[in-house]
Amino acid sequence: MSLVRVHNFTVSLDGFGTGEGQSLDTPFGHAGSRLMGWAFPTRTFRRMGLHGDGAGSVGVDEAFASRWADGIGVEIMGRNKFEPVEGAPSDEEWRGWWGENPPFHTPVLVLTHRPRPPLEMEGGTTFYFVDAEPAEALAQARDLAGDLDVRLGGGATTIRQFLAADLVDEMHVVVAPVVLGRGERLWDGLEGLEERFDIEATPSPSGVVHLTFVRRSTAD
């Protein structure tokens, strides 16, 4: 069966995956670019065409960032990764943060209580808007992914819900050396999570720490 994977999801030292006050002009709320500052200079993020010019770095951060698309057939994301809490235009006008050619190039399931017709974009990305619990959404995603894996794109609430339902197989979480104090936390209610995964930590010269979680075999 295909795996459910999380890639490049960044939290602060105090566990927040985004800041408070998300709006049309501040996708990460008051956190601004502080969480993702490690990623924007990498070759992978530069190739998305959204985060600066130049070839980009090829060090430790790039080694982790570059894994995000390999073998992925579909992404699941929460509504607030697709649109802001406040200030979004109407559904007919709002087409996501990424322009007409989003970087996903696969189907994307957006979890929302306000379903709308599918939104087909350039480059092979089509957004499907579904009102579903994690297990139901995952079943729909696997139908779209075929034999490929499912990427769980965030935000923090969506990843936390899938972790609580024990539906995540592999996870890459980046701990950034910032303290946000408020926002949307990842780890709340997940006490003992480490017992389900083998975990490795890799520090980077950029100051972040890359944590990889791989589900332990049921035989362990």
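First, a word on what this report is: a plain description of the structure on this page. Please read these numbers as outputs of a predicted model, since none were measured by experiment.

Glancing now at the nonpolar core. One broad rule of soluble globular proteins: the nonpolar side chains tend to lie buried together. By size, the foremost hydrophobic cluster in this structure holds 30 residues, and its most contacted members are Ile76, Val150, Leu152, Ile159, Phe162, Leu163 and Met171. Excluding residues within four positions of it along the chain, isoleucine 76 makes contact with Leu109, Leu111, Ala137, Leu138, Ala141, Val150, Arg151, Leu152, Gly153, Gly154 and Phe162. Judged by nonpolar contacts, the second largest core, of 13 residues, contains Phe16, Ala65, Leu180 and Val208.

Here arginine 5 lies in strand S1 (residues 4–11). A polar contact of 3.2 Å, which involves the side chain of arginine 5, links it to the backbone oxygen of arginine 67. Polar contacts involving the side chain of arginine 5 include one to the main-chain carbonyl oxygen of aspartate 70, which spans 2.8 Å. Beyond its immediate chain neighbours, meaning those up to four positions away, arginine 5 contacts Arg67, Trp68, Asp70, Gly71, Ile72, Asp149, Val150, Arg151, Leu152 and Glu170.

This paragraph deals with the environment of glycine 73. Here glycine 73 shows up in strand S3 (residues 72–78). As a C-alpha pair, glycine 73 and phenylalanine 104 span 31 residues in sequence and 9.5 Å in three-dimensional space. Once residues lying within four places of it in the same chain are set aside, the contact partners of glycine 73 are Thr106, Pro107, Leu144, Ala145, Leu148 and Asp149.

Read across the sheet, 9 strands follow the order S5-S6-S4-S3-S7-S1-S8-S11-S10 without closing on themselves; strand pairing throughout is mixed. Pairing within the sheet leaves two strands with one partner each, and these edge strands are strand S5 (119–120) and strand S10 (197–203). Alignment of S3 against strand S4 (residues 107–111), held across 4 bridges, turns out to be parallel. Counterpart to glutamate 75 in the pairing with S4 is valine 108. Each of S1, S3, S4, strand S6 (126–130) and strand S7 (149–154) is contacted by helix H4 (residues 134–145), which is oriented at about 150° to S3, the strand it contacts most.

Attention now goes to H4. The periodicity of an α-helix, 3.6 residues per turn, causes residues three or four positions apart to be oriented the same way. Across its 12 residues, H4 extends 16 Å between first and last C-alpha, which sits within 8% of the 16 Å expected from 1.5 Å per residue. Taken as a whole, H4 has its buried residues at Pro134, Ala137, Leu138, Ala141 and Ala145. End-on, the buried residues of H4 take up no more than an arc of 100°, which puts them together on one face. Of the exposed residues in H4, those oriented more than 90 degrees away from the buried face are Ala135 and Asp143. Along its buried surface, H4 packs onto S1, S3, S4, S7 and helix H5 (156–164). Glycine 146, located one to two residues past H4, shows a positive phi value of around 65°.

The rules behind the values
- Residues numbered from 1 in each chain as written.
- Predicted model: local features only at pLDDT ≥ 70, side-chain atom pairs only at ≥ 80, totals over all residues.
- Heavy atoms only, no water.
- Core = buried A, V, L, I, M, F, W, Y, C linked by side-chain atoms within 4.5 Å.
- Buried < 20%, exposed > 50% of the residue type's maximum accessible area, 1.4 Å probe, protein only.
- Contact = heavy atoms within 4.5 Å.
- Helix = DSSP H or I, 4+ residues; strand = E, 2+ residues; numbered from the N terminus.
- Polar contact = N/O pair within 3.5 Å; in protein donor to acceptor, adjacent residues only side chain to side chain.
- Pairing = 2+ DSSP bridges.
- Axes fitted to C-alpha atoms, helices over the stretch in contact; angles between N-to-C directions.
- Expected span 1.5 Å × (residues − 1).
- Arc of directions from axis to C-beta.

Worth remembering: the numbers are spatial, not functional.
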